[in-house]
Amino acid sequence: MQDFQCSAPNNMHNELLADRMRELKGGGKPMGAALDLIRARAEARGKIIGEVKGRSAGIAEGKIEANLETATNLKRMKIMDDEAIAKATSLPLEQVKAIAV
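Rules used throughout
- Residues numbered from 1 in each chain as written.
- Predicted model: local features only at pLDDT ≥ 70, side-chain atom pairs only at ≥ 80, totals over all residues.
- Heavy atoms only, no water.
- Helix = DSSP H or I, 4+ residues; strand = E, 2+ residues; numbered from the N terminus.
- Rg over C-alpha atoms; globule rule 2.2 N^0.38 Å.
- Buried < 20%, exposed > 50% of the residue type's maximum accessible area, 1.4 Å probe, protein only.
- Patch = residues over 30% accessible without salt bridge, like charges linked within 9 Å, V, L, I, M, F, W, Y side chains within 5 Å.
- Areas by Shrake-Rupley, 256 points an atom, 1.4 Å probe, with all protein chains shown as cover.
- Salt bridge = Lys/Arg side-chain N within 4 Å of Asp/Glu carboxyl O.
- Core = buried A, V, L, I, M, F, W, Y, C linked by side-chain atoms within 4.5 Å.
- Contact = heavy atoms within 4.5 Å.
- Arc of directions from axis to C-beta.

1. Here's the deal with the overall build of the protein chain
Working step 1: Assigned secondary structure in the protein chain consists of five helices and zero strands.
Working step 2: Ordering the α and β elements of the protein chain from the N terminus gives α-α-α-α-α.
Working step 3: In summary, the protein chain has a C-alpha radius of gyration of 31 Å against a globular reference of 13 Å for 101 residues, an excess of more than 25%.
Working step 4: Dimensions of the protein chain along its principal axes, counting C-alpha atoms only, are 85 × 25 × 15 Å.
Working step 5: By residue count, 16% of the 101 residues in the protein chain fall in the buried class.

2. Some details on a nonpolar patch on the surface
Working step 1: Where nonpolar side chains cluster on the molecular surface, the patch consists of Met 77, Ile 79 and Met 80 and spans about 300 Å² of accessible area.
Working step 2: Here Ile 79 lies in the loop between helix 3 (30-77) and helix 4 (82-89).
Working step 3: When its relative accessible area of 55% is taken as the criterion, Ile 79 is described as exposed.

3. Remarks on the nonpolar core
Working step 1: Ranked by size, the top nonpolar core spans seven residues in total: Ala 71, Leu 74, Ile 85, Ala 86, Leu 91, Val 96 and Ile 99.
Working step 2: Within the residue set of this core, elements represented by two or more residues are helix 3 and helix 4.
Working step 3: Residues contacting Ala 86, with those up to four places away along its chain left out, are Leu 91, Pro 92, Leu 93 and Val 96.

4. Comments concerning helix 4
Working step 1: Of all the positions in helix 4, only Ile 85, Ala 86 and Thr 89 are classed as buried. One side of helix 4 carries all its buried residues, which in axial view fall inside an arc of 100°. Among the exposed residues of helix 4, those oriented more than 90 degrees off its buried face are Glu 83, Lys 87 and Ala 88.
Working step 2: Phi turns positive one or two residues past the end of helix 4, at Ser 90, with a value near 60°.

5. With respect to unusual backbone geometry
Working step 1: The backbone of Lys 78 shows a phi angle near 55°, a positive value even though the residue is not glycine.
Working step 2: Note that Lys 78 resides in the loop between helix 3 and helix 4.
Working step 3: Judged by relative accessible area, Lys 78 falls into the exposed class, the value being 70%.
Working step 4: We note that Ser 90 has phi near 60°; this positive angle belongs to a residue other than glycine.
Working step 5: Here Ser 90 lies in the loop between helix 4 and helix 5 (93-98).

6. Notes on the pattern of salt bridges
Working step 1: According to the stated counting rule, one finds three salt bridges in the structure shown.
Working step 2: One salt bridge connects Asp 82 with Lys 75, and the closest N-O pair in it is separated by 3.6 Å.
Working step 3: Look at Asp 82 and you get partly exposed, because its relative accessible area is 23%.

What follows is the structure, encoded as structure tokens:
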């Protein structure tokens, strides 16, 4: 009964039960290798997904900054009114109106 309450296979008296527990916990046997492989693949996939999301966010932020710069330059040159600038840069009209030159 003590072996069933044990959490460490090395403290068990029944070798058959201890071996099976080592196998299930990944003590160097095939099940442990499979779990390590699954874990490594999940970590790699998570890293790739994180990089892609980060790049996408960076690209979107860069586009917004470029549009703001364009809107600022157009307002400074007084070539277009605020509504035309908003349409040309895809920025909200309120944001274009808030640009101080």
